[in-house]
Amino acid sequence: MTGVRKKAFRASFWHCLGDPGNSIESDAAEFFEDGLLLVEDGKVSAIGPADKLLAGLSSDFELIDRSGSLIVPGFIDTHVHYPQTDMIAAYGSKLLDWLQCYAYPTERAFGDPEHAADVADFFVKELLRNGTTTALVFATVHPTSVDAIFTAALRENMRVLSGKVLMDRNCPADLRDDALTAYNDSKLLLERWHGRGRLGYAITPRFAATSTDDQLAAAGRLASEYPDSYVHTHVAENRDEVELVAKMFPQSRSYLGVYDQHGLVRERSVFAHCLHLDESDRQCMSRKGAAMSFCPSSNLFLGSGLFNLELAEQHGVRVGLGTDVGAGTSFGMLNTMSEAYKVLHLEHQPMSPVKALYLATLGGARALYLDDRVGNFEAGKDADFVVLNRAATPLLERRLAMTENVADTFFVLMMLGDDRSVDATYLMGELAHEANHA
Ligand code: GUN
Ligand code: ZN
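What counts as what
- Residues numbered from 1 in each chain as written.
- Chains lettered and ligands numbered in written order.
- Predicted model: local features only at pLDDT ≥ 70, side-chain atom pairs only at ≥ 80, totals over all residues.
- Heavy atoms only, no water.
- Near = heavy atom within 4 Å.
- Polar contact = N/O pair within 3.5 Å; in protein donor to acceptor, adjacent residues only side chain to side chain.
- Areas by Shrake-Rupley, 256 points an atom, 1.4 Å probe, with all protein chains shown as cover.
- 1 Å grid on protein atoms, 1.4 Å probe; cavity = no way out; pocket = protein on both sides within 12 Å on 5 of 7 lines; lining within 4 Å.
- Sits in = over half its atoms within 2 Å of the grid points.
- Helix = DSSP H or I, 4+ residues; strand = E, 2+ residues; numbered from the N terminus.
- Nonpolar A, V, L, I, M, F, W, Y, C, P; charged D, E, K, R; others polar.
- Donors = N, O, S within 2.8 Å, 3.2 Å for Na, K, Ca; no water.
- Tetrahedral: all angles 85-135°; square planar, octahedral: opposite > 155°, others 65-115°.
- Buried < 20%, exposed > 50% of the residue type's maximum accessible area, 1.4 Å probe, protein only.
- Pairing = 2+ DSSP bridges.
- Axes fitted to C-alpha atoms, helices over the stretch in contact; angles between N-to-C directions.
- Contact = heavy atoms within 4.5 Å.
- Expected span 1.5 Å × (residues − 1).
- Arc of directions from axis to C-beta.
- Salt bridge = Lys/Arg side-chain N within 4 Å of Asp/Glu carboxyl O.
- Patch = residues over 30% accessible without salt bridge, like charges linked within 9 Å, V, L, I, M, F, W, Y side chains within 5 Å.
- Lys, Arg positive; Asp, Glu negative; His and termini not counted.
- Charge placed at Lys NZ, Arg CZ, Asp CG, Glu CD.
- Core = buried A, V, L, I, M, F, W, Y, C linked by side-chain atoms within 4.5 Å.
- Points joined across faces, edges and corners; volume = space filled by probe spheres on them.
- Phe/Tyr/Trp six-rings, centres within 6.5 Å; stacked < 30°, edge-to-face > 60°.

Visitor: Run through the site of ligand 1, naming residues and quoting values.
Guide: As a matter of local geometry, ligand 1 sits amid His81, Gln84, Leu95, Trp98, Leu99, Arg206, Phe207, His234, Glu237, His273, Asp324 and Ala327. In the environment of ligand 1, an oxygen atom lies 2.9 Å from a nitrogen or oxygen atom belonging to the side chain of Gln84. Taking Glu237, its side chain carries an N or O atom lying 2.7 Å from a nitrogen atom of ligand 1. About the coverage of ligand 1: the protein hides 100% of its 280 Å² of free accessible area. Mapping ligand 1 onto the cavity grids shows that it belongs to the largest cavity. Looking at the shell around ligand 1 element by element, the count peaks at 3 residues for helix H2 (residues 95-107). Here the shell around ligand 1 is composed, by residue class, of 5 nonpolar, 4 polar and 3 charged.

Structure (structure tokens):
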């Protein structure tokens, strides 16, 4: 007979219970200096002050002492390309040239299942090394690339949403599908993977510029047949791209309108970037329950533009953070929060540390309609979390000795920290990554 696995983790804990809005000191977040997190069969059963919970704790709990560390919910990356792992940090161009010079040539290799498996394994481990426990992931046009990323994620019990890229024009011939194979292959993969373990399927037209109307219509049909699947694409990232899409779809009111015409703007639709939108676009996204993925390091790296969080929030649009590797320059959400802070600073929208935590955890979960499963330590949610080291480098140790509250500590960690600050990552209460300090 196997009993319930019961674990009690002791550390400092910080998590968001809601959106802190623009406030700095927010009761939307809860902090336990000396806290205890109880996990039963991979789910949170309680969180609270250690002295209180330890007093009533039954003897069948395994105690895991992480005192001295700060534990926060696992980070959620709402937009990342696993096949671009091997071309991250490629010099010199803006979006449309960058796709031709670097992204497409790299993605060609993913028809080979061995290569796809090799990159997928590395990618999943890299996310875990950075404290990311949930991710919405682009694959390539090849169905094998989707099998590879889901196989790697399933092995780790990681929450990954992914899907086959659809593109039937304006790209190299050997990366092209057509409307019918796009529909059929996606449907097969969706039936194979959606809902297995913690996996979910995302219907993934690359962007309007690489799809015909027929293909977008097929994607929309599939999306309406499977309302609990995801839609994942890019929109309004770069001004030349916006112009190109306007030329290609002259009947459309806007870039987002192209997707909307085909039923692709809906709940569980996630649009990366959203830099060059207008009022009606934001209203449309809000009305339809779609989400924006804010990818600051990518937007700076490709010189694409500045995301406007205030406008998104004024319209009540769901927003998560994305690394967008390989246009993004880090797999880490700590680094991504740091870049988000700098982007928003340029627009006079200072982002508080608690807001950063929110966007990287509960906000991301809401963007992905997963906030009943992940995003904080409410009872019943998956026990996915990151153990942050307060002394990963001499500078961090020195600087963190000067901070007086958890918000300041977290801010320093996001500005100065990186994968070295992640001591361990847990998935459903099980150790999935432990730093090697040797
Ligand atoms: N738009 C279409 N494809 C891509 C991609 O691979 N990366 C980014 N950043 N934008 C895109
Ligand atoms: Zn992208």
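Visitor: Please set out the coordination of the zinc ion (ligand 2) residue by residue, giving values where relevant.
Guide: The textbook angles at a metal center are 109.5 degrees for a tetrahedron of four donors and 90 or 180 degrees for an octahedron of six. Every protein donor of the zinc ion (ligand 2) is listed here as His79 (NE2), His81 (NE2), His234 (NE2) and Asp324 (OD), and their distances to the metal cover 2.0 to 2.3 Å. Coordination geometry of the zinc ion (ligand 2): the 4 donor atoms subtend angles of 88 to 169° at the metal centre, consistent with an arrangement described as irregular. Mapped onto the sequence, the donors of the zinc ion (ligand 2) take the spacing H-x1-H-x152-H-x89-D. Of this pair, His81 sits in strand E5 (residues 75-81) while Asp324 sits in the loop between strand E13 (318-321) and helix H12 (333-346), and the two are 243 residues apart along the sequence. Take His81 and Asp324: they sit in the same class, and that class is buried.

Visitor: Give me the lowdown on the sheet that holds strand E15 (residues 422-427), citing residues and values where you can.
Guide: Taken together, 7 strands build an open sheet; the order of strands is E3-E2-E1-E4-E14-E15-E16 and the sheet is mixed. Here the strands that pair on one side only, and so sit at the sheet edges, are strand E3 (43-49) and strand E16 (430-434). Going from strand to strand, the sheet's axes swing by 35° on average, the running direction of each strand aside. Sheet topology note: the strand E1 (residues 6-16)/strand E4 (residues 62-73) ladder contains 6 bridges and is parallel. Residue pairing across strands places Ala8 opposite Leu63, the latter belonging to E4. Taken strand by strand, helix H16 (residues 406-416) contacts E1, strand E2 (29-40), E4 and strand E14 (385-388), and its axis lies near 75° from that of E4.

Visitor: Help me get a handle on helix H5 (residues 179-193), residues and values and all.
Guide: In this model H5 runs 21 Å from its N-terminal to its C-terminal C-alpha over 15 residues, within 8% of the 21 Å that 1.5 Å per residue would give. Residues Ala179, Ala182, Tyr183, Ser186, Leu189, Leu190 and Trp193 constitute the buried set of H5. Buried residues of H5 fall within an arc of 145° about the axis and therefore sit on the same side. Exposed side of H5, more than 90 degrees from the buried face: Leu180, Leu188 and Glu191 are the residues found there. Elements that come into contact with the buried residues of H5 comprise helix H4 (143-156), strand E8 (165-166), strand E9 (200-205) and helix H6 (213-225). With a side-chain oxygen positioned 3.1 Å from the backbone nitrogen of Leu180, the residue opening H5 is Asp178.

Visitor: Now, about the pattern of salt bridges: what can you tell me, with residues and values included?
Guide: For the structure on display, the rule yields 27 salt bridges. Between Lys6 and Asp60 there is a salt bridge; the shortest N-O distance is 3.1 Å. Here Lys6, found in strand E1, pairs with Asp60, found in the loop between helix H1 (50-55) and E4; they are 54 residues apart in sequence, far enough to count as distant. When its relative accessible area of 45% is taken as the criterion, Asp60 is described as partly exposed. For Lys381, the salt bridge identified is with Glu378, shortest N-O distance 3.7 Å. Overall, Lys381 belongs to the buried group, its relative accessible area being 4%. The network of salt bridges with shared partners includes Lys43, Arg159, Arg198, Asp382 and Asp384.

Visitor: So what's going on with a negative patch on the surface? Residues and values would help.
Guide: On the surface, Asp86, Asp112, Glu114 and Asp118 cluster together into a patch of negative charge. Mapped onto the fold, Glu114 is located in helix H3 (residues 113-129).

Visitor: I'd like a rundown of the nonpolar core, residues and numbers included.
Guide: Formed by 115 residues in total, the largest nonpolar core has its most connected members in Trp14, Tyr82, Tyr259, Met337 and Phe410. Apart from the residues lying within four places of it in its own chain, the contact partners of Met337 are Phe75, Leu321, Met351, Ala356, Leu357, Ala360, Phe410 and Met414. If you look at the next biggest cluster of nonpolar residues, it comprises 16 residues, including Phe9, Ala11, Val44 and Ala383.

Visitor: Can you tell me about the layout of surface pockets, naming the residues and giving the values?
Guide: One simple way to see leftover space: roll a probe sized like a water molecule over the atoms. Estimates place the volume of the largest pocket at around 300 Å³. Surrounding the largest pocket, 15 residues form its lining, Arg159, His194, Tyr230, Leu370 and Arg373 being those nearest its centre. Looking at the lining of the largest pocket residue by residue, the classes come out as 5 nonpolar, 4 polar and 6 charged.

Visitor: Describe in detail the packing of aromatic side chains, supporting the description with residues and values.
Guide: Under the counting rule described, the total for this entry stands at 15 aromatic pairs. Judged by centre distance (5.8 Å) and plane angle (55°), the rings of Tyr82 and Phe123 are tilted. Residue Tyr82 is located in the loop between E5 and H2, and its partner Phe123 is located in helix H3; the two are separated by 41 residues in the primary sequence. Overall, Tyr82 belongs to the buried group, its relative accessible area being 0%. Overall, the relative accessible area of 0% leaves Phe123 in the buried class. Pairing Phe150 with Tyr201 gives two aromatic rings, centres 6.5 Å apart and planes at 45°, and the pair type is tilted. One end of the pair, Phe150, is in helix H4; the other, Tyr201, is in strand E9, and 51 residues separate them in sequence. The two residues Phe150 and Tyr201 agree in class, both being buried. Among the aromatic residues, those joined into a cluster by ring pairs are Phe9, Phe13, Phe377, Phe385 and Tyr426.

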